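Observations on chain architecture
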Amino acid sequence: MITARAHTNIAFLKYWGKKDVKLILPYNDSISLTLDRFYTDTSVDFDQSLDHDEIFVDEKPLTGSGVKRVKNVLDLVRHLSGISNFAKVQSTNHVPSTAGLASSASAFAALAAASTKAAGLNLSNRQLSIIARHGSGSASRSIFGGFVQWHAGHDDQSSYAEPIQENVDWDINLITVLINTAQKKVSSTNGMQSVVETSPFYPAWVKNAQADVKPMKTAILNQNLATLGELAEQSAMRMHATTFGAVPSFTYFQPQTLAILSAVRNMRKQGVECYSTVDAGPNVKIICASSDNEFIMHELNQIVSAKQLVVCKPGPGITYL
Ligand code: PMV
């Protein structure tokens, strides 16, 4: 039995839409930061006594659409290794139970790492990224620590993530604002598919997202928080704009999401370098230097309680336990 740990990541340049739904090939490159606070530990054992795959998440049998995605990854690993045994998979999410943050990125990255090693394969991180991508697109990036780019690619082997800066040795962190931790109504899978098919804003999204890749990489390498933050906030706002244009239209924003976005803009007017990003849910993540955390959290306390704020720093890539 092999156990692997992977940390979750937050995209600064979003992945939003698949050009190949089966292979999970995105329309545009994306860029993320792996976080230290939230991670998943996954153990895999290919056991010849099993007559089906047994999948447990936080000690409960997995149900719903996740089962098929886990089996996709296991089938791929069986195909690559020539093993035919079924697997026992036990996954534990170390995300505060109230966080309401996506754990699919860390979960599928940990699954790719643990299952391949358990099957006797010794693959490069690039290959692991490709395998993780088959479970969830954002998981391709969680194989690596720090700032990571997922190359959209054009087929299975050309769509993988790689590090831009694994050891982030400059002052950047994320304040996560937990607004609503309930299961989201529109999953990221359904949300992105809906905008690809129906939103007239989608082609503009793809064009602008791809154009932002180079300037964002440059901002990371130059440790330029202001440019990085501005590009990240724009990416998030443009992604959410596509949802308003969808038919039927939808939004992940809730009233408190808008209140936080506005508070961040106001702090910026006061000269504080802070920027918002929002994924397929209502929670806001604020990108800033840790030296400004205290001021920002004090301001946010007027809208949300202290326990709704979690500070995350850059985190590492996959490890084996
Ligand atoms: O890979 P998924 O299905 O978890 O989709 C992730 C989509 C976003 O979180 C909204 C953006 C991203 O790049 O992580």
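Up top is the structure these notes are about.
Observations concerning helix α8 (residues 293-300)
Of all the residues in α8, the buried ones are N293, I296 and L300. For α8, the angular spread of buried residues about the axis comes to 75°, placing them on one side. Looking at α8, the residues exposed on the side facing more than 90 degrees away from the buried face are E294 and H298.

Regarding the sheet that holds strand β10 (residues 173-177)
Strand order in the open sheet formed by 4 strands is β11-β12-β10-β13, with antiparallel pairing between adjacent strands. Of all strands in the sheet, those bounded by a partner on one side alone are β11 (274-278) and β13 (309-312). Each neighbouring strand pair of the sheet contributes to a mean axis angle of 25°, computed without reference to strand direction. Across 5 bridges, β11 lies against strand β12 (residues 284-288) in antiparallel orientation. By the bridge assignment, C274 is partnered in β12 with C288. Packing against the sheet, helix α7 (residues 255-269) makes contact with β10, β11 and β12, and its axis sits at approximately 160° to β11. Where α8 meets the sheet, its contacts fall on β10, β11, β12 and β13, and the angle it forms with β10 comes to roughly 15°.

Details of the packing of helix α1 (residues 65-81) against helix α2 (residues 104-118)
At their nearest, the axes of α1 and α2 sit 10 Å apart, and the two run at 25° to each other. When the axis of α1 is compared with that of α2, the two are roughly parallel. For the element pair α1 and α2, the recorded crossing hand is right-handed. Contacts between α1 and α2 pair R69, V70, V73, L74 and V77 from the former with S104, F108, L111, S115 and T116 from the latter. Per-class residue counts for the contact of α1 with α2 are 6 nonpolar, 3 polar and 1 charged.

Quick look at the side chain of S91
Along the chain, S91 falls in strand β7 (residues 86-94). Here T42 takes part through its side chain, which lies 3.0 Å from a polar atom of the side chain of S91.

Considerations on the nonpolar core
W16 and L111 are the most contacted members of the largest nonpolar core, which totals 44 residues. Top contributing element to this core by residue count: α2, with 7 residues. Not counting chain neighbours up to four residues away, the residues in contact with W16 comprise N28, S188, G191, M192, V195, Y202, W205, M239, T242, T243, Y252 and A280. Listed in part, the 28 residues of the second largest apolar core include L35, I172, L178 and I220.

A short note on the site of the ligand
As a structural note, the neighbourhood of the ligand is formed by 14 residues, with Y15, S136, S138, R141 and S188 the closest of them. S136 places a polar side-chain atom, nitrogen or oxygen, 3.1 Å from an oxygen atom of the ligand. Residue R141 places a side-chain N or O atom 2.8 Å away from an oxygen atom belonging to the ligand. Considered class by class, the residues forming the shell around the ligand number 6 nonpolar, 5 polar and 3 charged.

Criteria and cut-off values
- Residues numbered from 1 in each chain as written.
- Predicted model: local features only at pLDDT ≥ 70, side-chain atom pairs only at ≥ 80, totals over all residues.
- Heavy atoms only, no water.
- Buried < 20%, exposed > 50% of the residue type's maximum accessible area, 1.4 Å probe, protein only.
- Helix = DSSP H or I, 4+ residues; strand = E, 2+ residues; numbered from the N terminus.
- Arc of directions from axis to C-beta.
- Pairing = 2+ DSSP bridges.
- Axes fitted to C-alpha atoms, helices over the stretch in contact; angles between N-to-C directions.
- Contact = heavy atoms within 4.5 Å.
- Parallel < 35°, antiparallel > 145°, perpendicular 65-115°, else oblique.
- Left-handed = near helix turned anticlockwise from the far one by under 90°.
- Nonpolar A, V, L, I, M, F, W, Y, C, P; charged D, E, K, R; others polar.
- Polar contact = N/O pair within 3.5 Å; in protein donor to acceptor, adjacent residues only side chain to side chain.
- Core = buried A, V, L, I, M, F, W, Y, C linked by side-chain atoms within 4.5 Å.
- Near = heavy atom within 4 Å.

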